[in-house]
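Close look at the chain arrangement
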Amino acid sequence: MYVPFELEMPGDLAGALGALAAGTGAKTMAMAGGTNLIVDMRAKRERPDRVVGLGRVGALRGMECGEEWISIGGGTTVTDLLQSKEIAEAAPSLVESSRLFAGLMVRNTATVAGNIACGSPAADLVPPLLALDADVTLASVAGTRTLPLDEYFLGYKRDVRRPDELITRVSWPRLPQSSDQSFINAFYKLARRKGDAITVTGVAVTLVVAGGVCTKARVALGAVAPVVFRARDAESVLEGRALTPARIDEAARAAAASSCPIDDVRASAAYRLHTVEALTRRLIAQAWRRSTDQ
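Computed from a prediction, not measured in an experiment: that's the story for all the values here. (Residues numbered from 1 in each chain as written. Predicted model: local features only at pLDDT ≥ 70, side-chain atom pairs only at ≥ 80, totals over all residues. Heavy atoms only, no water.)

We now examine the overall build of the protein. When its secondary structure is counted, the protein shows 11 helices and 14 strands. Counting only C-alpha atoms and orienting by the principal axes, one finds that the protein spans roughly 60 × 45 × 30 Å. A burial count over the protein gives 51% of its 294 residues as buried. Within the protein, residue pairs in contact and separated by at least 24 positions form 61% of the contacts whose partners lie at least 6 positions apart. As displayed, the protein has an accessible area near 13700 Å², and 52% of this comes from carbon and sulfur atoms. Computing the positive centroid from 35 side-chain charges and the negative centroid from 32, the protein places the two 6 Å apart. (Helix = DSSP H or I, 4+ residues; strand = E, 2+ residues; numbered from the N terminus. Buried < 20%, exposed > 50% of the residue type's maximum accessible area, 1.4 Å probe, protein only. Contact = heavy atoms within 4.5 Å. Areas by Shrake-Rupley, 256 points an atom, 1.4 Å probe, with all protein chains shown as cover. Lys, Arg positive; Asp, Glu negative; His and termini not counted. Charge placed at Lys NZ, Arg CZ, Asp CG, Glu CD.)

As structure tokens, this is what we get:
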């Protein structure tokens, strides 16, 4: 049984933001696909007084793929990502994480903004987005603000979003792909089974290569700390250099050293540390081989 709550279903973004702003004095929560919130409400982990449903707010859904930037509406579903050829070309890691995201029915309703806003360290879409240098746009009746996704999370289930704000868009600069520069963007999800499973360890990697040198490196890790995060020490080992096996090993060790996993029902902390190092090494090595073969 659910705890009683009021449900509002505004028909546009202005109405949704107004409904959130009017929630002063009562616990008001926004709901898009509801694949996390409904479960938490049934388990009584969340007890909102008011729920603002976003299912009728069409302005939150859709993708824009420009020459310099990719932009995704917060209400875009995981299935939408899987069906986009442009996203598959511009952000292979995001499509791979979408392919491994829960089951078909969940993918049909779960949204990009919802996966970010839930604050789970095992959120599948967040490592690829961090590896793409994504920004998030937050909107309220007072206006909008945009900040790097890397600055969005404050701790486990804590973030910078105010109760009256929605994540309306997620954007990132298009990666270079030319005769002079190329990129490799990849994601690997380790779980206890192939489908419909929570991540044990998630690793996303982006390498930009020019003239046989790694000019940009991004390594993002999921399920191995209170939040999904960038392994900056590992990135600094890679950038500005040709990637030898020894250097890739050093970066993999740095990624593991920056992690602080826990023991839980899916894996021990020691196992997660081992897999962070192994998967980071594997993804970087594969990416480097592909870049030098192009």
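Below, the discussion takes up the domain arrangement of the protein. Each domain of the protein was delimited in the assignment, giving domain 1 (6-53), domain 2 (60-173) and domain 3 (182-293). Using only C-alpha atoms to locate each centre, domain 1 and domain 2 end up separated by 19 Å. The interface is formed by 11 residues belonging to domain 1 together with 15 residues belonging to domain 2. Buried surface at the junction of domain 1 and domain 2, summed over both partners, amounts to about 910 Å²; 75% is from carbon and sulfur atoms. Viewed at the interface, domain 2 and domain 1 are joined by 0 salt bridges. (Domains from an automatic or database assignment. Buried area = accessible area lost by both parts, 1.4 Å probe. Salt bridge = Lys/Arg side-chain N within 4 Å of Asp/Glu carboxyl O.)

The next point concerns the nonpolar core. Membership of the largest hydrophobic core comes to 74 residues, with the highest contact counts inside it found for Ile116, Leu129, Leu149, Trp172 and Leu207. If you count residues domain by domain, this core takes at least three from each of domain 2 (60-173) and domain 3 (182-293). Aside from chain neighbours lying at most four places away, what touches Leu149 is Ile116, Val126, Leu129, Leu130, Ala134, Asp135 and Val136. Ranked by size, the runner-up nonpolar core spans 10 residues in total, among them Ala16, Ala19, Leu60 and Ala139. (Core = buried A, V, L, I, M, F, W, Y, C linked by side-chain atoms within 4.5 Å.)

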